[in-house]
Every structure is written in structure tokens, then in C-alpha cells.
Amino acid sequence: MHTFSFDHIALSVKDVNESLEFYQKVLQLKEIQNTASNSKTRWLSIAEEKQLHLIPSPDFQIKINKAVHFALSTSDLPSFVAYLKKFNIAYSDWLDSPNKDYIRQDGIKQVYFQDPNGYWIEINDDCR
């Protein structure tokens, strides 16, 4: 049997600089060196050596669906929601209710928002 660990998320983006700025500002991710190639793909560090890769694809048609998202956890969701409000970033619950969090059956609170390309990001308080 194989065992796996999570390595990175890769997103196709229309404007790599705009996306880089968004993720640095909103999620406070730090840019790291792209060690794989000399391409214009930019890498950001998420945590614990996990990465977000932003791949420039200016002509790519991105199909957006909230069920396709990535999720990050924080120990202080209310503070992060206030941070989103500070930057006028619209957020919603799973049911698309604006400015509302969602509480799952297991008690985990979550909010969703979109990056400049329309990708959905979930932030929750599941810090087990």
C-alpha cells in the first residue's frame, strides 16, 4: 500500500502578478523560489513546506465551481473574516449567503471567497 502526503496546489491564472499579489496580501503567503524550471510560474509557501503554484495561462478559460476549492484552517476565523472585510473581499457560506459563515454538522465553521480568477477558497476553524 502506498502512503501519500500533500505537496502542492497548482492553479492556472490569467495574470500571475495579480494572483501573486492577491495571495500575498490576503493569505499572507510568502513567495519562494521555483526550483522546477525557469518558467514564469510563481511559487508561494503555504505552511509546513506545502506550496501554491501559480501557472500563467492568459488565454485559458477557467471553469469555476464552488465544489472545486482548496481549504485552509485558522485558529481565529472571526479575525480572518474581519481581515476580508478590511480589504472589501466578498465572502459567503456554502449556500452563497453573502457575508455569512457556515457551520458544518461537525461544528466546524467555514467561509468561502474567490481569488481574482474566480477560484474558490475555503477558510475554516478546523485546527485539530
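As shown above, the structure is provided for reference.
Everything quoted here is computed from the prediction, not taken from an experiment. (Residues numbered from 1 in each chain as written. Predicted model: local features only at pLDDT ≥ 70, side-chain atom pairs only at ≥ 80, totals over all residues. Heavy atoms only, no water.)

> Before we move on, can you summarise the environment of Ser39 with the specific residues and values?
Inspection of the secondary structure puts Ser39 in the loop between β2 (30-32) and β3 (42-47). Along the sequence, Ser39 and Ile55 sit 16 residues apart, while their C-alpha atoms lie 8.9 Å from each other. A polar contact is formed between the side chain of Ser39 and the side chain of Ser37, at a distance of 2.9 Å. Engagement of the side chain of Ser39 in a polar contact is seen with the backbone nitrogen of Thr41, the distance being 3.2 Å. (Helix = DSSP H or I, 4+ residues; strand = E, 2+ residues; numbered from the N terminus. Polar contact = N/O pair within 3.5 Å; in protein donor to acceptor, adjacent residues only side chain to side chain.)

> With reference to specific residues and values, describe the packing of aromatic side chains.
Throughout the structure, instances matching the rule amount to seven aromatic pairs. A ring pair is formed by Trp94 and Tyr112, whose centres lie 5.4 Å apart and whose planes are at 55 degrees; its orientation type is tilted. Linking Trp94 in the loop between β6 (91-92) and β7 (102-103) with Tyr112 in strand β8 (residues 109-114), this pair joins segments that are 18 residues apart in sequence. We classify Trp94 as partly exposed; its relative accessible area is 35%. Taken together, Phe22, Tyr23, Phe70, Phe80, Tyr83, Phe87 and Phe113 form an aromatic cluster joined through their ring pairs. (Phe/Tyr/Trp six-rings, centres within 6.5 Å; stacked < 30°, edge-to-face > 60°. Buried < 20%, exposed > 50% of the residue type's maximum accessible area, 1.4 Å probe, protein only.)

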